[in-house]
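Inside the fold
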Amino acid sequence: MSKNPFENQSIKKERMFFLILVVCSVFVIFTLYLFSMQVTRWMEYQNRAWAVARRTSEVPALRGEIYDRNYDAPLASNVDSFAVSIVPAETDRQKLPQIISNLAAILGTEPQALMKKIPQADVFQTIELKDNVSYGQIVQIASNIEDFPGISWSSKPVRHYNHTPSLSHVIGYVGNINTEELHLLYNKGYDANSIIGKNGIEKEYDLTLKGTPGLKSITVDAKGRNVQEERYIRAPVPGKNIVLTIDRRIQELCEKALGERMGSVVVLKPATGEILAMVSYPSYDTNRFYAPDSASYYSTLLENRNHPFLNRSIQSANAPASVFKTIMMTATLEERAFPPTQKIDCTGKLVLGDRTFNCHLKTGHGPLNLSDALMESCDVYFWEIGGNYLGPRKIEQYSRMMGLGEKTGVDLPGEVAGLVPNPEWKLERTNEMWVGGDTYNMSIGQGFTQVTTLQIADLIAMIVNEGTIYVPHLLKEVRDVVTGEVVEKRAPRILHKADISSQTFKELKKAMRRVVSEGSIRRLFNNKVVSVAGKTGTGEVGFTDRWTSWFASYGPYQAENPEDQVVVVVMIEASNEWEWWAPKASNAIYQGIFANQSYEEVVKTLDIWYLNNGTDIIRRRSE
Amino acid sequence: MNRKSYLTFDFIIILAVLCLSVISVCFIYSSGLNSEGINTSVEFIKQIIWVVTGLAIMALIIYVDYKYLYDFAYYIYGVCIIMLLITLLVGNKVNGARSWLGLPGVGIQPSEFAKLGTIIALSAFCTKNRENIRSLAVFLRAAVIPLLPMALILAQPDLGTSLVYIPIFLVILFMAGTKIRYLFFLVACGIGVTLFTIIPMWSGYVLKQETFFVAVFSNQLLMLAVLGACLLIVILSAVGWFIFKKGIYYWMCYSFVILSSSLFMAMLAQKILKAYQIMRLVVFLDPSVDPQGAGWNILQSLTAIGSGGLFGKGFLRGTQSHYNYLPQQSNDFIFSIIAEEIGFFGSMVVFLCFFIIIIRAFIIANSSKDSFGSYLCFGIIAMIFFHFVINIGMAMGIMPITGIPLLFLSYGGSSLWTSMMAAGILINIYYRRYGFKI
């Protein structure tokens, strides 16, 4: 180095000035920018900071309980239970498979099922792994909490049903809301986490039962941990209790009287429309939907060819068979179509063109008047009346007047309307003309006519009330969950008021009384506590070996107070025409209701051993 | 030393440095608090140790005449390069980059010290070649000095830290008096590369559509074609210049060389840059692209700063930071927590400290009796200023996330010691502005 490196410096002032300018302008820009962030737009960022740290979470409202009319013990209640959750960002990814397999061992599930629910990303959200976890299982997790990083739990009550199996169809069950339900009910206070009634009363009165969830505000850190006391923005409002018109004693009685026979029983109070019992067999156990094997149980139910999910009282319609003759008699009397005292001679068959129609009694009933014909359930008589004196139009008119072919409006979801045919309907449906044979079939409740058990119960109710049907209903009253006060009471509402003279109904009732007191079932009706009037029916289902056996009746036949009267309709999809299960079961039910006896006592009192176990008898007979 | 010589100390810089050190320790303590207000970190204790030792090192550097820096410039530089090499071979990985020598937590980051080494070497080089500083050959030789550590640091890989060498080089050469067109060439290339690299990503993530103009920068074949055309123009204009000796051909050649090198380097960059680096750039352009992933840091930092307001939420009262929404609080995002807790006024104190240090550095550079001292000052100005702009700009969302610390404030021994040493050098130069002292 020749020159002295430390000679006087000679930096260019204009270049340095340029640098200083750059530095100063950057400082000014940064200062202004910071000012705009912290002072001008402070509110915006402040709100964002709040929004990030404040989380509102929903506090589930306790679902209302369901009681029977006695309002003593709940049929559906809530049981303390827990849900186990994970926060993926708080757990240890390396040890996760081990953590999950330990957890699965305690919860009694497959580790894979739990793993599937955990997202790959380390999110701070709480993800529910399993609900319906018992207190004991939570204790096991809690005592080893250091082995379960990121795992937490919260209270999540589950529904518990404490009722006889046949009430499953009436009460229904609850489950997590699905997408379609959410779309439909989006504006009615439901969200993606709602528990919703899926069937029965739980579905019908979901809005009453579910209550309003509360809102809780918590301040959380980035890991989702609470850093402040929880605050309620809105306290949850529990759902209301529902009291049903069902009397669980009568329900159990009917259930046992029906036994293991496919069919349904409806008991209602004609004076108000209150349903006292509604049984459908086969049924299902709702509590098993919340058990570990719920999925497999559910699928076996779905695959069962007897359709256990079907509520046979309102969701399946069958030919009314000879029960329909009550409508025929009403029409005949009211229209004065044929003198009730004039006799028609039953020879056991009727020839129409090239077809021969056989009465159920092949040998013939001999000469019968209207009342006799109903008592003997003579087909020939009603063929004559229907075919020659009434015609399909009148029959249709009276059927509709008496509630057939139309929903009863019962407070249960999924009711079917049944069917009352007419010539136009047949032409449209089958592209065939209505023929005389159709009128004949219609006259004895066969052919196209289809009715539900509840519609037949309404029909009998109209006869009892002499022209009025009250909307059948299951809701008796709504009560406050805390005070037990009645919040809402279901008043009887009129469904139909037929313009039929009470004289007609009186005649009909007399004939119906004769069915029980003089007809072929008189020996079956051996109960002494109540006089019953009714009508049997045996309908074709379409299979030669399967019949529907009906018995539609009411009792007592004459009552001072109409409130005391009950309608009992039993419909059994019997496998044999002559077993008469329906009247036999009805006999037991009346004994139980009016003698205030349990089914076992009824069996003993009436000495009707044969009703004890229906399947045994079927087996014995088929052998 | 007489009584007067003490007054020749630049006490203003020392005061600013001390002020920043106190703020640093306070907010590293604050960043260690969790949501329950319990301290979960010993970082602030370590920082105190580093501040104290750093001040001692600073004092030592003030004591030793900076002419020795000149004498040993290339040795210092050599040691830095060797350290970087060793780091690359046996260093520890922290956050994906092999940048630590020794144990993590107690080791050092040679890439921090290498900045000072490079400043010293560059200053010495420019001092030695003052006479022909305007020649291209000297410029190119000077460029080797920062390129070597840059390459080694890029290999770690640590893009952010390596970028610091560019402004250091530019500023020292600028002040040493090199031709503006050389520097402009570099700056234009840099801007070109950045633009050409970002445009296709920006269109992909933000616009979510592709136009022909964008396709030029994303389609490899098209890019090669454009590059070929540019090179042809370069050759033609070079020929034109040799034959006609007209200025227009020179400038045409000059601009198309810039263009083609930018294109070429953009192609390389698109191949070399890691996915997370690309995402950082995209997120810088639009943080809402990925609010849970890469955009999280920026959004949380913006929220922290913005919600601080005029006076802040109060010391140890920041919600964004203590609820752990803010990432890397003690390192890269220390400014966010400061701005959140002591607000605009507190941030102004920080700004003022940096402004004082930089302006004092200009004054010292101006008053230095020799060129070497001035160049050192300008290198240090470039380093501190670049860190300041990038780090705080990143926290405020006006610069991409590059992960470089804020000197004097961020947690970390190496970075703090480097800052202290730099401050020491500044004071040293000021102290000896009238001639050599002990």
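Residues numbered from 1 in each chain as written. Chains lettered and ligands numbered in written order. Predicted model: local features only at pLDDT ≥ 70, side-chain atom pairs only at ≥ 80, totals over all residues.

1. Let's talk about the sheet that holds strand E7 (residues 158-161) of chain A
All names here are of chain A. Strand order in the open sheet made by the six strands is E7-E3-E2-E12-E20-E21, with mixed pairing throughout. At either margin of the open sheet sits one strand with a lone partner, and together these are E7 and strand E21 (486-489). In the sheet, strand E3 (residues 74-79) pairs with E7 via four bridges, with the strands oriented antiparallel. Across the sheet, Val79 pairs through a bridge with Val158, a residue of E7. (Pairing = 2+ DSSP bridges. Helix = DSSP H or I, 4+ residues; strand = E, 2+ residues; numbered from the N terminus.)

2. Brief notes about the nonpolar core
Most often, soluble globular proteins keep nonpolar side chains buried together rather than apart. In terms of nonpolar packing, the biggest core is built from 117 residues, with Cys254(A), Val267(A), Ile460(A), Val567(A), Val569(A) and Ile589(A) touching the most fellow members. When residues in this core are grouped by element, the largest group, nine residues, is from helix H17 (residues 453-465) of chain A. Non-local contacts of Ile589(A), meaning those with residues more than four positions away in its chain, are made with Leu253(A), Cys254(A), Ala257(A), Val267(A) and Val568(A). By size, the runner-up hydrophobic cluster in this structure holds 115 residues, among which are Phe30(A), Ala16(B), Ile357(B) and Ala423(B). (Core = buried A, V, L, I, M, F, W, Y, C linked by C-beta atoms within 7 Å. Buried ≥ 20, exposed ≤ 12 C-beta atoms within 10 Å, placed from the backbone. Contact = placed C-beta atoms within 7 Å.)

3. Quick notes on the environment of Ile390(B)
Residue and element names in this part refer to chain B. Tracing the backbone through its elements, the reader meets Ile390 in helix H18 (residues 371-395). The spatial distance from the C-alpha of Ile390 to the C-alpha of Ile404 is 7.5 Å, given a sequence separation of 14 residues. Once residues lying within four places of it in the same chain are set aside, the contact partners of Ile390 are Met399, Thr402 and Ile404.

4. Observations concerning the pairing of E21(A)
Residues and elements named next belong to chain A. The sheet contact formed by strand E20 (residues 475-479) and E21 spans three bridges and is antiparallel. What sits directly across from Arg479, in E21, is Val486. Here E20 hands over to E21 after six residues, with Gly484 in that stretch at a positive phi of 80°.

5. Concerning the sheet that holds strand E5 (residues 127-133) of chain A
All names here are of chain A. Across the sheet, which stays open at both edges, the three strands sit in the order E5-E4-E6 with antiparallel pairing between neighbours. On the outer flanks of this sheet lie E5 and strand E6 (151-155), each paired with one strand and no other. With strand direction ignored, the average angle separating the axes of adjacent strands in the sheet is 25°. Pairing of strand E4 (residues 82-86) with E5 involves four bridges; the strand directions are antiparallel. Of the residues in E5, the one forming a bridge with Val84 is Lys130. Each of E4, E5 and E6 is contacted by helix H5 (residues 135-143), which is oriented at about 150° to E6, the strand it contacts most. (Axes fitted to C-alpha atoms, helices over the stretch in contact; angles between N-to-C directions.)

From the geometry alone we can't say anything about function, so treat these as descriptive.
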